[in-house]
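The residues making up each chain are set out below.
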Amino acid sequence: MSSIPDSELWHPSWCDPEHCTAGQLASYHKNAPTTVGGHRLFDLKVTVQLWQDADEPDTTAVATVVVTFDNSHLVPSIHAFDLEADVLRDLVDALMPLRMILDARGRAR
Ligand SMILES: [Zn+2]
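From a predicted model like this one, the values you see are computed outputs, not experimental measurements.

Enquirer: Got a minute to help me understand the confidence of the model for the protein chain in this structure?
Expert: Any residue range with low pLDDT should be treated as having predicted coordinates unsuitable for detailed reading. On average, residues of the protein chain score 85 in pLDDT, and 91% of them reach the 70 mark or higher. Confidence scores differ between elements of the protein chain, with helix α1 (residues 85–108) showing the lowest mean pLDDT of 85 and strand β1 (residues 28–30) the highest of 95.

Okay, structure coming up:
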């Protein structure tokens, strides 16, 4: 099975053709995964990717956030959460103050 998405299909702007599986049996638009951490041996590496059902015409509907935790010496732990788009937006908004706190702590050192 080819991993190249069907070019006749509409894809959201955030969809990465390299990861998209629209038109295939498991038909999902996917962004390029983002990975943080894992710079040193046994460091926890966290990868986050957004999936959306490509057969669902409502682009504001549920999105799946796939989070993979990998500390390089155990089998990676993969978690998928189905979230309404507005809940996902609220989650991102809720995390922004944490970023400001961490940035302030970094400057205080
Ligand atoms: Zn796509």
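Anyway, onward from the coordinates.
Enquirer: Would you mind going over the environment of Thr 47 with me for this structure?
Expert: Among the structural elements, Thr 47 can be located in strand β3 (residues 45–53). With 17 C-beta atoms counted inside 10 Å, the residue Thr 47 sits in the partly exposed group. Taking C-alpha positions, Thr 47 is 20 Å from Ala 26, a pair spaced 21 residues apart along the chain. With residues up to four places along the chain from it excluded, the contact list for Thr 47 reads Pro 33, Thr 34, Thr 35 and Thr 68.

Enquirer: Just to check I follow, could you spell out the nonpolar core for this structure?
Expert: Inside soluble globular proteins, nonpolar side chains tend to come together where they are buried. Grouped together as the largest cluster of nonpolar side chains are 8 residues: Cys 15, Cys 20, Ala 22, Tyr 28, Leu 50, Trp 51, Ala 54 and Ala 63. Those residues in contact with Ala 54, other than ones at most four positions away along the chain, are Leu 9, Ala 22, Gly 23, Ser 27, Tyr 28 and His 29.

Conventions adopted
- Residues numbered from 1 in each chain as written.
- Predicted model: local features only at pLDDT ≥ 70, side-chain atom pairs only at ≥ 80, totals over all residues.
- pLDDT = per-residue confidence, 0-100.
- Helix = DSSP H or I, 4+ residues; strand = E, 2+ residues; numbered from the N terminus.
- Buried ≥ 20, exposed ≤ 12 C-beta atoms within 10 Å, placed from the backbone.
- Contact = placed C-beta atoms within 7 Å.
- Core = buried A, V, L, I, M, F, W, Y, C linked by C-beta atoms within 7 Å.

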